[in-house]
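Chains, contacts and geometry: an overview
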Amino acid sequence: QQEVVMLDALITDVGGDTADERRARYMNMVRSLKPGLSQVIVHLSEPSPEFDSIIDLRPKEARRYWDREILKDPAFRSLLKEHRVTLIGWDEIQRAVYPADN
């Protein structure tokens, strides 16, 4: 018998057109999370000349840099802890759902 993992919430983008707006939206998102399994989709990038050239063509992609910095920020990490949010990946979910396969 196979188990099905159901998400309680799926957040594909927090929005915001500046680094400060995105930071505020991430903080509000954490504060508003309900208990359960939530997936927040993020696309992070480290600064690089190659990605800078992409940003030149598509300025909104700078959010990948901003998001990386926000998610590393000690204040954001502290907020996660304060709200008892545990970051996990699909590996942890797979181990919980299919323990015999590990």
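Parameters and conventions
Starting from 1, residues in each chain are numbered consecutively following that chain's sequence as written. At least 70 in pLDDT is required for a residue's local features to be given in this predicted model, at least 80 for side-chain atom pairs to be given and counted, and no such filter applies to totals for whole chains, interfaces and linings, which use all residues. Hydrogen atoms and water are omitted, and side-chain values are computed over all heavy atoms in the structure. In this analysis, axes come from line fits to C-alpha atoms, helices being fitted only over the stretch in contact, and the angle between any two N-to-C directions falls in the range 0 to 180 degrees. Note on conventions: DSSP H or I runs of at least 4 residues are helices, E runs of at least 2 residues are strands, and numbering of each starts at the N terminus. An angle below 35 degrees is treated as roughly parallel, one above 145 as roughly antiparallel, one from 65 to 115 as roughly perpendicular, and anything else as oblique. Two helices that cross are described as forming a left-handed crossing if the nearer one is turned anticlockwise from the farther one by less than a right angle, and a right-handed crossing if clockwise. Note on contacts: a residue pair is in contact if any heavy atoms of the two residues lie within 4.5 Å. When residue character is reported, Ala, Val, Leu, Ile, Met, Phe, Trp, Tyr, Cys and Pro are called nonpolar, Asp, Glu, Lys and Arg charged, and the others, Gly included, polar. Ring geometry is summarised as follows: Phe, Tyr and Trp rings, the Trp one being its six-membered ring, pair when their centres sit within 6.5 Å, and such pairs are stacked at plane angles under 30 degrees, edge-to-face over 60 and tilted between the two. Only protein chains enter the accessibility calculation, which uses a 1.4 Å probe; a residue is then buried when its area is under 20% of its type maximum, exposed when over 50%, and partly exposed in between. Salt bridges are counted wherever a side-chain nitrogen of Lys or Arg sits within 4 Å of a carboxyl oxygen of Asp or Glu.

The subject of this paragraph is the packing of helix H1 (residues 19-32) against helix H3 (residues 63-72). Orientation of H1 relative to H3, taken along the N-to-C sense of each, is 45°, at an axis distance of 10 Å. With respect to H3, the axis of H1 lies oblique. Regarding H1 and H3, the two cross each other, and that crossing is right-handed. Counting all contacts with H1, which are made through Ala19, Arg22, Arg23 and Tyr26, the residues of H3 involved are Arg63, Trp66, Asp67, Ile70 and Leu71. In terms of residue class, the contact of H1 with H3 is made up of five nonpolar, no polar and four charged.

Before going further, it helps to examine the packing of aromatic side chains. Inspection of the entire model under this criterion finds two aromatic pairs. Where Tyr26 meets Phe76, the ring centres are 6.1 Å apart and the plane angle is 85°; that geometry is what we call edge-to-face. Residue Tyr26 is located in helix H1, and its partner Phe76 is located in helix H4 (residues 74-82); the two are separated by 50 residues in the primary sequence. Ring geometry for Phe51 versus Tyr65: centroids 5.6 Å apart, planes at 55°, classification tilted. Taken together, the positions of Phe51 in helix H2 (residues 49-57) and Tyr65 in helix H3 put the pair 14 residues apart, joining distant regions of the chain. The exposure class of Tyr65 is buried, given its relative accessible area of 15%.

This part takes up the packing of H3 against H4. Packing of H3 against H4 brings their axes to within 5 Å, and their N-to-C directions diverge by 60°. Relative to H4, the element H3 lies oblique. Mapping the contact onto sequence places Ile70, Leu71 and Lys72 in H3 and Pro74, Phe76 and Arg77 in H4. Partitioned by chemical class, the residues of the contact of H3 with H4 number four nonpolar, no polar and two charged.

Turning our attention to the pattern of salt bridges. Scanning the model with the defined rule gives nine salt bridges in all. Two residues, Arg23 and Asp73, come together in a salt bridge whose shortest N-O distance is 2.8 Å. Placement of the pair is Arg23 in helix H1 and Asp73 in the loop between H3 and H4, with a sequence separation of 50 residues. For Arg23, a relative accessible area of 27% translates into the label partly exposed.

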